[in-house]
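# Examining the three-dimensional arrangement
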Amino acid sequence: MPANTFRAVLRRLTSVAIIDLDGEINADAEDVLNTTYAQAAATDARTILLNFAAVDYINSTGIALIVGILAQARKANRELLACGLSEHYVEIFEITRLADFMSIFASEEDALAGVSTKT
Amino acid sequence: MTARLGNWWRIFTRRSPRERQAAPTSVVDETRRPTSPVIDISPDDPIVQYFLSAPGVVELDKLTLQSRALDALRAAGMRLAVPLVSQGELIGVLNLGARLSAQDYSSDDRALLSNLATQAAPALRVAQLVRQQQAELAARERIENELRVARLIQQTLLPKQVPDLLNWTFAARYQPARAVGGDFYDFIELPDGKLGLLIGDVTDKGVPAALVMATTRSILRAAALRMVSPGEVLGRTNDLLCGDIPPNMFVTCLYAILDPATGRLQYANAGHDLPYHRHAEGVAELRARGMPLGLMPGMLYEEKETVLAPGDSVLLYSDGLVEAHNPRREMFGFPRLRELMGGPTPTGDGIIEHLLVELAQWTGSEWEQEDDITLVVFQHAAQTAALPDLPVAELKEPPMHQWRTLAAWNIASEAGNERMAMRRVSEVVAGLNISTRGLQRLQTAVAEATMNAIEHGNKFRAELPVEVEVLASDSAVAVRIRDQDGQTPLPEAQVPDLEAKLAGLQTPRGWGLFLIKNLVDEMNVSSDDAHHTIELILQLEEDDHAS
């Protein structure tokens, strides 16, 4: 199998730190994901948005990584948001109840506009 | 040649003490060995330096050295000595007595001997090196064989599975060092419904330790089944072991009895590392005094008890964990272990994984494990709801389905191969009436079940196949995914406690079976001696609903 080329890029917009995720979120994504989250957490942004628009696969280990990040965010009183998830992964976030702890938006624009309606 | 040169001859070779033990005393063919006494030349005898500084034929009568070897050679009737020197090292001496003809050795004789020495020395050196290598190889093979036997004894006697008790979770890990130590652990089902828990460590390594471990385990088991007091069990075991254990060996051991109904834990300790009890207020050491087993008979073992409330856990461990060193030669240590147990540690098997990850980070990647590491964790489960309707039973063909196999194939147990299974399944079911949403659900369930088989069943051993079979009936599609492990029990699927995970009280992992269960219409799990099979069933759409 080809090596996972998962990437995570941190952007900063006003008071929100955005992490653009790209590729498969599985065990191989752990270091990149955690490092990028740590960079985001090192800023003074109180809200961190995970942008899943370019993510095509999340397995149960990937879910565990997101749970780990959500736990860190909650401990530091940061709000964690998600956007760009496909319908299937929105369903997975609902099954796992991650959706109860992080607001999910259809797009980055929706998230930034503070639209409260969950997809 | 020897007859023409003289009636006494001998090759003395100089060998290290190790070579003397490992190799025969001479390179000379047994049938041609002379009967003259062997003369050992001490390495600090002055004659050694003389031979090295004056190569060629040496007339012993003309030497004026104060040398015991020289005296011995003369006493043995030797006239000439021809040092065999190779790469600046004296590796032997060719000694000759008087010529048979009673004439003195001629200059031709000396030239011949000198030439002989020049050619014989390197050949002799090669022979010595070959013999040394053979001896070392044989010694290495002997050690490897011993280690194999020790591993076999140990692995045969360690429990094949952890107990399955309502409201309790058990996890155990044995990680042997290369030179196998004498760690052991055991779970003993007691007649009154209680459970005996045992962890021990025999001093020494290899086969001797493994044999003592086997003996101790047998005695302990027998005592545990007859006695109800942990202290008495250890006392009885100690008395019986004292007569059988080799000198300078002893066994540290902790024995505890758990009442699963009440959480009561009675324990006694024969010099083993103190277990840690994690509870709502923190971490406590479970202390009880007692000498290691096998040192002297008639010992008494203090007995203590505690109660494990729901959520409490206990860690039993061997010293291989706390005595591991990092590259700066610092020990992992008890304080670090206690701190980890008190921190945001996961639960159950997650504790073991957490500790081993912390250990690996601390020791670094170049670490060679010095001693066996054994970890046993048991936990009084918090009130998490088990999935009420998860069928864990023999696979039964539902009567309404007449299954036909659409495809079957194997995949290697390598990380990432679950994506191959996903793709292939979606290709195989492409012609069936499955909605896009249904297909995505099935794909994710297949990926999770395959990953489970690769990781937990086949333990990433690429040579073990994950067998995938896709079947269809008139109204449903089924995917059967089978690993090659009938020994390890499949973990129970539980509703993950997300709040506990977010609070750091549980490992963030543990979603696989839960996801599968929720993504397909039916999940069946079955096990036999050699396999676990997960069957995923998805109902097909009506014709006009398919997309």
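Because the structure is a prediction, the values reported are computed rather than measured.

This brings us to the overall build of chain B. Each helix and strand counted, chain B has 14 helices and 19 strands in total. A burial count over chain B gives 35% of its 547 residues as buried.

A separate point is the overall build of chain A. When helices and strands are counted, chain A shows 4 helices and 5 strands. Here chain A, with 119 residues, has 44% of them falling under the buried criterion. Taking contacts inside chain A between residues at least 6 apart in sequence as the whole, the part at least 24 apart equals 65%.

Next up on the list: the interface of chain A and chain B. Between chain A and chain B, the contact holds 17 residues from the first and 18 residues from the second. It is helix α2 (residues 60-75) of chain A that contributes the most residues to the side of chain A that touches chain B, 9 residues altogether. Along the lines of polarity and charge, the residues of the side of chain A that touches chain B split into 9 nonpolar, 6 polar and 2 charged.

Our focus in this paragraph is the pairing of strand β3 (residues 47-58) of chain A. A regular strand carries its side chains on alternate faces of the sheet. Residue and element names in this part refer to chain A. In terms of strand pairing, strand β2 (residues 16-25) meets β3 through 9 bridges, oriented parallel. Following the sheet pairing, Asp-22 is matched in β3 by Ala-54. A crossover links β2 with its parallel partner β3, the connecting element being helix α1 (residues 30-41), and its sense is right-handed. The pairing of β3 with strand β4 (residues 79-83) spans 5 bridges and is classified as parallel. Opposite Leu-50, over in β4, you have Ala-82 as the bridge partner.

All names here are of chain B. The strand order across the open sheet built from 5 strands is β6-β7-β8-β9-β12, with neighbouring strands paired in antiparallel fashion. The two strands at the open ends of the sheet, each matched to only one other strand, are β6 (182-189) and β12 (303-307). Across the sheet, the axes of successive neighbouring strands diverge by a mean angle of 15 degrees, strand direction being ignored. Strand direction decides the pairing type here: β6 and strand β7 (residues 195-202), joined by 8 bridges, are antiparallel. Bridge pairing links Ile-188 to Gly-196 in β7.

Scored by pLDDT, chain A has a mean of 88; 92% of the residues are at 70 or more. Segment residues 115-119 of chain A is flagged for pLDDT under 50; beyond a separation of four residues in sequence, or across chains, it makes 9 contacts in the model.

Judged by nonpolar contacts, the single largest core of 76 residues is most densely connected at A:Ile19, A:Leu70, B:Val425, B:Val446, B:Ile516, B:Val520 and B:Leu536. Counting residues per element, this core draws most heavily on α2(A), which supplies 9 residues. Those residues in contact with B:Ile516 that lie beyond four places of it in its chain are B:Ala445, B:Glu448, B:Ala449, B:Met523 and B:Leu536. With 57 residues, the next largest nonpolar core counts B:Ile199, B:Leu308, B:Tyr317 and B:Leu321 among its residues.

Quick look at the sheet that holds strand β5 (residues 168-175) of chain B now. Residues and elements named next belong to chain B. What the 5 strands build is an open sheet, ordered β5-β14-β13-β10-β11; its pairing is antiparallel. Single-partner strands in this sheet number two, and they are β5 and β11 (282-285). Strand-to-strand, the axes of this sheet are offset by a mean angle of 15 degrees, without reference to chain direction. Pairing of strand β13 (residues 313-317) with strand β14 (residues 373-380), which is carried by 5 bridges, proceeds in the antiparallel orientation. The residue bridging Leu-316 from the neighbouring strand is Val-376, located in β14.

It is worth spelling out the confidence of the model for chain B at this point. Residue and element names in this part refer to chain B. With 87% of its residues at a pLDDT of 70 or more, chain B has an overall mean of 83. Confidence, expressed as mean pLDDT per element, reaches its minimum in chain B at helix α1 (residues 2-5) with 29 and its maximum at strand β8 (residues 251-258) with 96. Confidence drops under pLDDT 50 across residues 1-34; counting only partners more than four residues distant or on other chains, this segment forms 51 contacts. Every residue in residues 384-399 is under pLDDT 50, and counting partners more than four places away or in other chains gives 20 contacts.

On to the packing of helix α12 (residues 436-457) of chain B against helix α14 (residues 512-519) of chain B, then. All names here are of chain B. Axis separation between α12 and α14 bottoms out at 9 Å; the angle between their running directions is 150 degrees. Taken together, the axis directions place α12 and α14 in an arrangement best described as roughly antiparallel. Considering only the axes of α12 and α14, their crossing is left-handed. Each of Arg-441, Thr-444, Ala-445, Glu-448, Ala-449, Met-451 and Asn-452 in α12 lies in contact with α14, whose residues at this interface are Gly-512, Leu-515, Ile-516 and Leu-519. Its residues placed into classes, the contact of α12 with α14 shows 6 nonpolar, 3 polar and 2 charged.

So, about the packing of α1(A) against α2(A). In a packed pair of helices, the relevant descriptors are the angle between the two axes and the axis-to-axis distance. Residues and elements named next belong to chain A. Viewed as axis vectors pointing N to C, α1 and α2 meet at an angle of 20 degrees, and their least axial separation amounts to 11 Å. One finds that α1 runs roughly parallel with respect to α2. Read as a crossing pair, α1 and α2 show a hand that is right-handed. Note on element contacts: α2 touches α1 through Leu-65, Ile-69 and Gln-72, opposite Glu-30, Leu-33, Tyr-37 and Ala-41.

Residue and element names in this part refer to chain B. Mapped onto the elements, Asn-326 comes out in the loop between α8 (319-322) and α9 (334-342). Judged by the 14 C-beta atoms lying within 10 Å of it, Asn-326 falls in the partly exposed class. In sequence terms Asn-326 and Glu-368 are 42 residues apart; their C-alpha atoms lie 10.0 Å from each other.

Let's shift gears to unusual backbone geometry. Residues and elements named next belong to chain B. For Asn-167, which is not glycine, the phi torsion reads 70 degrees and is therefore positive. Look at Lys-459: it is not a glycine, yet its phi comes out positive at around 50 degrees. As for its position among the elements, Lys-459 is in the loop between α12 and β16 (465-472). The partly exposed category is assigned to Lys-459, around which 13 C-beta atoms lie within 10 Å.

Now for helix α3 (residues 87-95) of chain A. Residues and elements named next belong to chain A. All of the buried residues along α3 are Tyr-89, Ile-92 and Phe-93. Taken down its axis, α3 places every buried residue within 100 degrees of arc, on the same side. Looking one or two residues beyond α3, the residue adopting positive phi is Arg-97, at roughly 70 degrees.

Attention now goes to helix α6 (residues 206-226) of chain B. All names here are of chain B. In a regular helix each residue adds 1.5 Å, so 21 residues correspond to 30 Å; α6 covers 31 Å between its end C-alpha atoms and thus fits that length. Considered for burial, the residues of α6 that qualify are Ala-209, Ala-210, Val-212, Met-213, Thr-216, Arg-217, Leu-220, Ala-223 and Ala-224. Each buried residue of α6 sits inside an arc of 160 degrees when the element is viewed along its axis, so together they form one side. Where the residues of α6 are buried, they touch α5 (107-157), β6, β7, α7 (230-242) and β8.

Cut-offs used in this document
Residues numbered from 1 in each chain as written. Chains lettered and ligands numbered in written order. Predicted model: local features only at pLDDT ≥ 70, side-chain atom pairs only at ≥ 80, totals over all residues. Helix = DSSP H or I, 4+ residues; strand = E, 2+ residues; numbered from the N terminus. Buried ≥ 20, exposed ≤ 12 C-beta atoms within 10 Å, placed from the backbone. Contact = placed C-beta atoms within 7 Å. Nonpolar A, V, L, I, M, F, W, Y, C, P; charged D, E, K, R; others polar. Pairing = 2+ DSSP bridges. Right-handed = clockwise from strand over helix to strand, strands pointing away. Axes fitted to C-alpha atoms, helices over the stretch in contact; angles between N-to-C directions. pLDDT = per-residue confidence, 0-100. Core = buried A, V, L, I, M, F, W, Y, C linked by C-beta atoms within 7 Å. Parallel < 35°, antiparallel > 145°, perpendicular 65-115°, else oblique. Left-handed = near helix turned anticlockwise from the far one by under 90°. Arc of directions from axis to C-beta. Expected span 1.5 Å × (residues − 1).

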